Amino acid sequence: MPTRRPPGSAPGWLIGLLALAALLAACSSPPTPAAGTAQPGGEQLVLINKGSDTMVNLALAWAEAYEAVAPGVTVSVTGGGSGTGIAALLNGTVDLANASRPISEGERAAAEARGLIPVEHVVARDAIAIVVHPDNPVAALTLPQLSAMYSGQITNWSQVGGEDRPIVLLSRETNSGTHVYFLEHVLRLGDNEQPIFFSPETLLLPSSEGISAEVRQNPNAIGYDGLGYVTPDMKTVAVARAEGGPFVLPAIASVTSGAYPIARDLYIYTAGEPTGTEEDYLGWVLGPAAQAIVAELGFVPVE
Amino acid sequence: MRAEAVRRWPEMIVEAFIRAAGYSAVLFVGLILFFLLREGLPAFAEVPFDALFGTRWYPIEGYYGLLPLVGGTLVVTIGAMLIAMPFGLGTAIFIAEIAPRWARELLKPLVEVLAGLPSVVLGFLGMVAMAPLVRTVLDVPTGLSALSGSILLAGMAIPTLVSVAEDALDAVPNSYRDAALALGATRWQTIWRVTVPAARTGVLTAVMLGVGRAIGETMTVMMVTGNAARMPLGLAAFFRPVRTMTATIAAEMGEVANGSEHYHVLFTVGLVLFIFSFIVNLAAGAVVFQQRKRAERLLS
């Protein structure tokens, strides 16, 4: 039954259309001001902070504590990976980029091509823990063993003193600073000229939670992650630099003394020397209150 | 007379608006293709052609082999359709032809609600609940595999498939069924030989929409397939991790510097995906068109 519209309702259609057009116009709001700089528009200053997923909890805890120290400043924190943060710094969309690896030569060149000089600040240290399922009998591995496992030469746990099970390799995605650090310092044992790669069988998981979830339930799995992300329901493996060396578990003391072999610095990058709000914030981050938060979250304080 | 004139104007505006809306669809597809080509084609100049057909995908060191990604998408999509087609068509036939009226009125909205589940929720469920189950039941090294991805994608494609296929079956005139039954066909014969073939075009559209959903889905796939860029060769590949094109773009696009080699290659991956879905649509269109021609011949 086709319904016939009374003639009077035609202008109603028109009004509806016009209203729709007005609504659409209202939706396409004017472009937001460039997020790159702290806006002194009101009394509230905003520092935009993005990058390393390893550091995201730390950065959030800092941002929260800093609000009590300097009530006029809001630090807005997001993750995404070290590469993401540095790319955002280069594109001018953030003030501070968190990175769990030093900036690469390519990224530095790209920054300089845009007239930016990235400045590095070491804000904490982190140990990368090797984690396995709690039922896995393997408790200690050497760096060469880890390298052989992750490059696909060792594929069964029995080859490193475990049960007869296939090894399932877990890694973070390639945009993670932890991934790059692990490639350079564990797979290639610090010699970046070596053509060693992650085995194509390596599962690249998009989050730390992905690695934790798989390690908790799969006795075949081995993974790595920042010490701050290790929970008691995973087993941490002690690591030695080489065959016969002392096997060390990651902890604040063993990282500070340099005994634990897989530890690194965590950075915040700024575009150029920090000034004003950025300088105040970074000064506070390196101070005792912020470094106490570092220790609280399972990372290792600097100085 | 005045009333006539008043009615003309709004009609003309509405007509122009509808026409513009219709053409805009073509315009958008054209713009998307243009953008993909503009951002993706430079990759062919920057990366040697045969390197794009390599078997190693490791972009941070300049390895841009697309084959593992294309293979990954194919494995997951084919797996999803193998699961979704029997279940989806079965459900559609049950709802349209067999279920009593009350069950039908309950089932159809329920299935459609299922279509609204956010994919990240499904992905999380898959990661923490289904992957461990797949691993223990099938005794494979890890449950984060192409199979887990296929099962979840099938789950997401089924509501679309059921909804569209059910509408198509519903549109088959009752006289067809009556005629078949009058000729002594059983209920099953009527469904399988008369109703489903008569609704073939709509059923095919349903399957293609399902394929489209499966090829393009990202979040779920990224969470449960393990994302290992290995070459999926042989039947065993269904039970191993894979890396799909969509997951690769989603995982890596945030990291790349604008205009870099990696950035261009990711757009090339997008271009390949676009071509894939274009072929699927074209194939569906060709089959539907051919069928219509035959039907027209018969009727004339």
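## A look at unusual backbone geometry
The bulk of non-glycine residues show a negative phi, and the bulk of peptide bonds are trans.
Residue and element names in this part refer to chain B.
In step 1: The phi dihedral of Asp139 is positive, around 55°, even though this residue is not glycine.
In step 2: When you line up the elements, Asp139 lands in the loop between α6 (119-138) and α7 (146-170).
In step 3: The phi dihedral of Asn227 falls on the positive side, at around 55°, and the residue is not glycine.
In step 4: Summarising the element assignment, Asn227 is placed in the loop between α11 (219-224) and α12 (245-252).

## Considerations on the domain arrangement of chain A
Many structure descriptions define interface size as the accessible area lost when the parts assemble.
Residues and elements named next belong to chain A.
In step 1: Domain annotation for chain A reports domain 1 (45-125 + 265-296) and domain 2 (126-263).
In step 2: Each of domain 1 and domain 2 was reduced to a C-alpha centroid, and the two centroids are 27 Å apart.
In step 3: Counting residues at the interface gives 15 residues for domain 1, matched by 12 residues for domain 2.
In step 4: When domain 1 packs against domain 2, close to 990 Å² is buried across both sides, 44% of that on carbon and sulfur atoms.
In step 5: Linking domain 1 with domain 2 are 1 salt bridge, by the criterion used here.
In step 6: Here Arg172 ties to Asp53 by a salt bridge, and the two come within 3.1 Å at their closest N and O atoms.

## Remarks on the interface of chain A and chain B
In step 1: Listed by partner, the interface residues are 36 residues for chain A and 33 residues for chain B.
In step 2: Of the roughly 2900 Å² buried between chain A and chain B on both sides combined, carbon and sulfur atoms contribute 63%.
In step 3: Summed over the shared surface of chain A and chain B, the number is 3 salt bridges.
In step 4: B:Arg230 is the salt-bridge partner of A:Glu201, the closest N and O atoms lying 2.8 Å from each other.
In step 5: Linking chain A with chain B are 10 residue pairs in polar contact (both at pLDDT 80 or more).
In step 6: Sorting the residues of the side of chain A that touches chain B by element identifies α1 (10-27), α3 (82-90), α6 (177-187), β7 (203-205) and α7 (208-217) of chain A as the ones contributing at least two each.
In step 7: Looking at the side of chain A that touches chain B residue by residue, the class counts come to 20 nonpolar, 10 polar and 6 charged.

## Some details on a nonpolar patch on the surface
In step 1: Residues B:Leu33, B:Leu37, B:Leu41, B:Phe44, B:Phe49, B:Phe53 and B:Leu67 make up a contiguous nonpolar surface patch of roughly 600 Å² in combined accessible area.
In step 2: With respect to the element layout, B:Leu37 can be found in helix α1 (residues 2-40).

## Re the packing of aromatic side chains
In step 1: The final tally for this structure, using the stated rule, is 18 aromatic pairs over all chains.
In step 2: Considering the side-chain rings of A:Tyr150 and A:Phe182, the 4.9 Å spacing of their centres and the 75° angle between planes classify their relative orientation as edge-to-face. Taken together, the residues span a long stretch of sequence, with A:Tyr150 in helix α5 (residues 143-150) and A:Phe182 in helix α6 at a distance of 32 residues.
In step 3: Through a chain of ring-to-ring contacts, the aromatic side chains of A:Tyr150, A:Phe182, A:Phe198 and A:Tyr224 assemble into a single cluster.
In step 4: Directly above the aromatic system of A:Phe197 lies the positively charged group of A:Arg188, at a separation of 5.2 Å from the ring centroid.
In step 5: Across the ring face of B:Tyr63, the terminal group of B:Arg56 is positioned such that the distance to the ring centre comes to 5.4 Å.

Rules of the game
- Residues numbered from 1 in each chain as written.
- Chains lettered and ligands numbered in written order.
- Predicted model: local features only at pLDDT ≥ 70, side-chain atom pairs only at ≥ 80, totals over all residues.
- Heavy atoms only, no water.
- Helix = DSSP H or I, 4+ residues; strand = E, 2+ residues; numbered from the N terminus.
- Domains from an automatic or database assignment.
- Contact = heavy atoms within 4.5 Å.
- Buried area = accessible area lost by both parts, 1.4 Å probe.
- Salt bridge = Lys/Arg side-chain N within 4 Å of Asp/Glu carboxyl O.
- Polar contact = N/O pair within 3.5 Å; in protein donor to acceptor, adjacent residues only side chain to side chain.
- Nonpolar A, V, L, I, M, F, W, Y, C, P; charged D, E, K, R; others polar.
- Patch = residues over 30% accessible without salt bridge, like charges linked within 9 Å, V, L, I, M, F, W, Y side chains within 5 Å.
- Areas by Shrake-Rupley, 256 points an atom, 1.4 Å probe, with all protein chains shown as cover.
- Phe/Tyr/Trp six-rings, centres within 6.5 Å; stacked < 30°, edge-to-face > 60°.
- Lys NZ or Arg CZ within 6 Å of the ring centre and 35° of its normal.

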